[in-house]
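The primary structure of each chain is shown beneath.
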Amino acid sequence: MRLTFYGVRGSIPTPGEDFIRYGGNTACVHIELEDGTDIILDSGTGIRKLGEQLARKQTPIYLLLSHNHWDHIQGFPFFLPIYQEGRDINIYPGLTTLNEPDQILKQMEGSLFPVPREALKANIQIIELNDEQNRFEIGSAIIHRLPMNHPGKGSAYCIEADGVKVAYITDNELYPPYKKETDFLDFVKFASDADVLIHDAQYMLSDMPAKTGWGHSVAEEAVKLAMACNAKQLALYSHDPERTDDDIDDVVTHCNSYVTIAESTLQVFASREGQTLDFS
């Protein structure tokens, strides 16, 4: 299995010289299984660059959406494979509040985008799962999903294949002021023994309480979750659009102080565009 980050920013893209090292594109992660299966987590602006690579292939693509907020779907109209004749693209919507499985395509309707969804040449299938279908298979991978705590709701995913477990839990507020969809201990069980936990770390404790209820976790809580579930690595994800490269460096240093105090073997890093984790 190979995992590559193509977009790691939360809320809105951030161009500029202060955002070069970690990147400014919004959420997109690519997983290539040993059998060649391509799984994509979210389609923020980072998916555009990924599309240039996948357009060279003809095999099916599987896109798992956490939810429909703009920063997780806005790159889809610029994803080259959707314009390839006969290309099979399977989209799995998240567990959102409203039944809007094709919201990712609706952004290409009316006055919202110059190219209408009817112009897409690929075979695009929306795979609707009911609320009880939280285990399914894609290629050689077993996928589990779990409701996340976020306004409008959504899905966290665990992908297990090739002897590797990846947990993807973004835009998730571990301790929300509103009704929880999933408790902390349920997330611990869900991501237990993950080789890498990719978790929302948009805020820090110093940002609170001003941003309580906005649907994101503080980095310190992500570290505690990673240690509780015995993850090998924690990838801090969904970086705040106001946080510069140097700011993110400080977040990593701060988080590692927690790891040191706990005498944990957890490896903490900030996800960055172009970064590949090769588990082979």
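Our structure's up above, just so we're on the same page.
I will try to describe carefully the structure that is included in this document. (Residues numbered from 1 in each chain as written. Predicted model: local features only at pLDDT ≥ 70, side-chain atom pairs only at ≥ 80, totals over all residues. Heavy atoms only, no water.)

1. Here's the deal with the pattern of salt bridges
As enumerated under the stated definition, the model contains 16 salt bridges in all. Arg 21 is the salt-bridge partner of Asp 246, the closest N and O atoms lying 3.0 Å from each other. Linking Asp 246 in helix H5 (residues 245–262) with Arg 21 in the loop between strand E1 (2–7) and strand E2 (28–32), this pair joins segments that are 225 residues apart in sequence. Given a relative accessible area of 51%, Asp 246 falls into the exposed group. Of the charged contacts, one joins Asp 102 and Lys 106 as a salt bridge, the two residues approaching to 3.8 Å between their closest N and O atoms. Lys 106 gets classed as partly exposed once you look at its relative accessible area, which sits at 34%. Taken together, the shared-partner salt bridges connect Asp 102, Lys 106, Glu 109 and Arg 117 into one network. (Salt bridge = Lys/Arg side-chain N within 4 Å of Asp/Glu carboxyl O. Helix = DSSP H or I, 4+ residues; strand = E, 2+ residues; numbered from the N terminus. Buried < 20%, exposed > 50% of the residue type's maximum accessible area, 1.4 Å probe, protein only.)

2. Quick word on the packing of helix H4 (residues 219–228) against H5
Across the interface, H4 lies against H5 with an axial gap of 10 Å and an inter-helix angle of 40°. Here H4 lies oblique to H5, going by the angle between them. With respect to the hand of their crossing, H4 and H5 are arranged in right-handed fashion. Every residue of H5 that contacts H4 at Ala 219, Glu 220, Val 223, Lys 224 and Met 227 is listed here: Val 251, His 254, Cys 255, Tyr 258, Val 259 and Ala 262. (Axes fitted to C-alpha atoms, helices over the stretch in contact; angles between N-to-C directions. Parallel < 35°, antiparallel > 145°, perpendicular 65-115°, else oblique. Left-handed = near helix turned anticlockwise from the far one by under 90°. Contact = heavy atoms within 4.5 Å.)

3. A short note on the nonpolar core
Grouped together as the largest cluster of nonpolar side chains are 33 residues, with contacts concentrated most on Leu 197, Leu 234, Leu 236 and Leu 266. Setting aside anything within four residues of it in sequence, one finds Leu 236 in contact with His 199, Ala 201, Val 251, Val 252, Cys 255, Val 268, Phe 269, Ala 270 and Ser 271. (Core = buried A, V, L, I, M, F, W, Y, C linked by side-chain atoms within 4.5 Å.)

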